Amino acid sequence: MIEKWIERVLFASALVCVLCVMAVFCFLVYFSRPLFMDTRGLADVFSLVWKPFREQYGILPMVAGTFGIALTSLCLAYPLAIGIICFAHGLAPARISKGVVGLVYFMTSIPTVIYGFVSVFVLVPLFRHSFDRGTGFCLAAAAITLAILIVPTIVIALEAEVSHRSNEVRIAARSLGLSPAQELLWVLLPCSSKGLVIAAILGFGRAVGDTMVALMVAGNAPVTPHSLLDSVRTLTAHIALVVATDSQDQAYYSIFAAGLLLFLIMAGLTMVVRHLGNRFSTGKDRHGSSI
């Protein structure tokens, strides 16, 4: 009897979550509908020029800024995260390993605005004085800050996968006389290929969805970036800036198109993660253990 009630509660919870997600999607589609119903409005929104005073409301520069910052930060954070995992699971003593992992977990509790605040007073002046160009609020400064921000996300995903695989392969690896470092490099990391891919996707999604760092550090210039020192604006920062404007202005409706794009990007990343998880699980079921 208790089990049935638990099943019903869990089913109701899952149903509420699905309904909430569908409600958000319908909300975005409904308010974006005027743009998609009008061919000219759709062309204006998905253009490369954002000049509201000239009735040009293109959000593609924000799309370019979003992917530019997210990909750059991922390229910086991913090797660092793998290095932390290698140090914690193959090179460091047990006490130091636990301390490093604990520090990474602690980083997740630091508010995002703190990262942005520190970057404004440390990284931005550094870029301003090191390069004779711009104000220091640029793609590179935002990408470095975001890299530090998403490292814990990548490390936690990798740590869970590597710890799980380590329990499976430890006895076999030790019986072959492998050192902890050799076990990590030649056994654990190859067996954790699913975790490596999923961690990268999760880190990328975390970078795409961040608002405060992009809003505080990137410069918020609605232009297509041509270098790492250019100021840019992301989709999330665009929504935060425009949402406070006149709700009757055409620029206001562009934020719903930006929100819908973000929703679809995150939904696509989630589907990729689920597909990879199912694919690797199916492959393991067919071929047995990966060792």
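Residues numbered from 1 in each chain as written. Predicted model: local features only at pLDDT ≥ 70, side-chain atom pairs only at ≥ 80, totals over all residues. Heavy atoms only, no water.

Some remarks on unusual backbone geometry
Right, so step 1: Phi is positive for N220, close to 60 degrees, though the residue is something other than glycine.
Right, so step 2: Here N220 lies in the loop between α9 (212-217) and α10 (235-242).
Right, so step 3: We classify N220 as buried; its relative accessible area is 18%. (Helix = DSSP H or I, 4+ residues; strand = E, 2+ residues; numbered from the N terminus. Buried < 20%, exposed > 50% of the residue type's maximum accessible area, 1.4 Å probe, protein only.)

Remarks on the packing of helix α3 (residues 60-91) against helix α8 (residues 193-209)
Between two packed helices, the angle of one axis relative to the other and the distance separating the axes together describe the packing.
Right, so step 1: Contact pair α3 / α8: the axes reach a minimum separation of 9 Å and the direction vectors enclose 140 degrees. Viewed along their axes, α3 and α8 adopt a mutual orientation that is oblique. The way α3 lies across α8 gives a crossing that is right-handed. For the pair α3 and α8, contact is made by T66, F67, A70, L71, S73, L74, Y78 and I82 and by L196, V197, A200, G203, F204, A207 and V208, respectively.
Right, so step 2: Split by residue class, the contact of α3 with α8 holds twelve nonpolar, three polar and no charged. (Axes fitted to C-alpha atoms, helices over the stretch in contact; angles between N-to-C directions. Parallel < 35°, antiparallel > 145°, perpendicular 65-115°, else oblique. Left-handed = near helix turned anticlockwise from the far one by under 90°. Contact = heavy atoms within 4.5 Å. Nonpolar A, V, L, I, M, F, W, Y, C, P; charged D, E, K, R; others polar.)

Concerning the packing of helix α5 (residues 112-130) against helix α6 (residues 139-175)
Right, so step 1: Relative to each other, α5 and α6 sit at 140 degrees, their axes nearing to 10 Å. The angle between α5 and α6 places the two elements in the oblique class. Classified by chirality, the crossing of α6 by α5 is right-handed. Contact with α5, carried on its side by T112, Y115, G116, S119, L123 and F127, involves A140, A141, I144, T145, I148 and L149 of α6 and no other residues of that element.

Quick look at the side chain of T236
Right, so step 1: Examined against the element boundaries, T236 turns out to sit in helix α10.
Right, so step 2: Of the residues examined, T236 reaches a relative accessible area of 9% and is grouped as buried.
Right, so step 3: When residues no more than four places from it in sequence are discounted, the contact partners of T236 are V208, G209, D210, T211 and L262.

A closer look at the nonpolar core
Right, so step 1: The biggest cluster of nonpolar side chains holds 67 residues, and the ones touching the most others in it are I69, I154 and V155.
Right, so step 2: The element that contributes the greatest number of residues to this core is α6, accounting for 14 residues.
Right, so step 3: Residues in contact with V155, not counting those within four places in the same chain, are A81, I84, I85 and V104. (Core = buried A, V, L, I, M, F, W, Y, C linked by side-chain atoms within 4.5 Å.)

Points about the packing of aromatic side chains
To describe a pair of aromatic rings, you give the distance between the ring centres and the angle between the ring planes.
Right, so step 1: Under the criterion given, the structure shown has nine aromatic pairs.
Right, so step 2: Between F25 and F263, the aromatic rings sit 5.4 Å apart at their centres with planes inclined by 35 degrees, giving tilted as the arrangement. Of this pair, F25 sits in helix α1 (residues 2-37) while F263 sits in helix α11 (residues 250-287), placing them 238 residues apart in sequence.
Right, so step 3: The class of F25 is partly exposed, set by a relative accessible area of 27%.
Right, so step 4: Between W50 and Y57, the ring centres sit 6.0 Å apart and the planes meet at 70 degrees, which makes this aromatic pair edge-to-face.
Right, so step 5: By relative accessible area, which is 8% here, Y57 ends up buried.
Right, so step 6: Note that R8 overlies the ring of W5, its terminal NZ or CZ placed 5.1 Å from the centroid. (Phe/Tyr/Trp six-rings, centres within 6.5 Å; stacked < 30°, edge-to-face > 60°. Lys NZ or Arg CZ within 6 Å of the ring centre and 35° of its normal.)

Focus: the confidence of the model for the chain
Right, so step 1: Looking at the chain as a whole, the pLDDT averages 84, with 92% of positions reaching at least 70.
Right, so step 2: By mean pLDDT, the top-scoring element of the chain is α9 (92), and the lowest-scoring one is helix α2 (residues 39-45) (70).
Right, so step 3: For the stretch residues 285-291, pLDDT sits under 50, and the model shows six contacts to residues farther than four places along the chain or on other chains. (pLDDT = per-residue confidence, 0-100.)

Considering a nonpolar patch on the surface
Right, so step 1: Judged by side-chain polarity, V113, I114, F117, V118, F121, V122 and M212 come together as a nonpolar surface patch covering roughly 630 Å² of accessible area.
Right, so step 2: The leading source of residues in the nonpolar patch is α5, at six residues.
Right, so step 3: Counting through the fold element by element, F117 comes out in helix α5.
Right, so step 4: Using a relative accessible area of 47% as the deciding quantity, one classes F117 as partly exposed. (Patch = residues over 30% accessible without salt bridge, like charges linked within 9 Å, V, L, I, M, F, W, Y side chains within 5 Å. Areas by Shrake-Rupley, 256 points an atom, 1.4 Å probe, with all protein chains shown as cover. Salt bridge = Lys/Arg side-chain N within 4 Å of Asp/Glu carboxyl O.)

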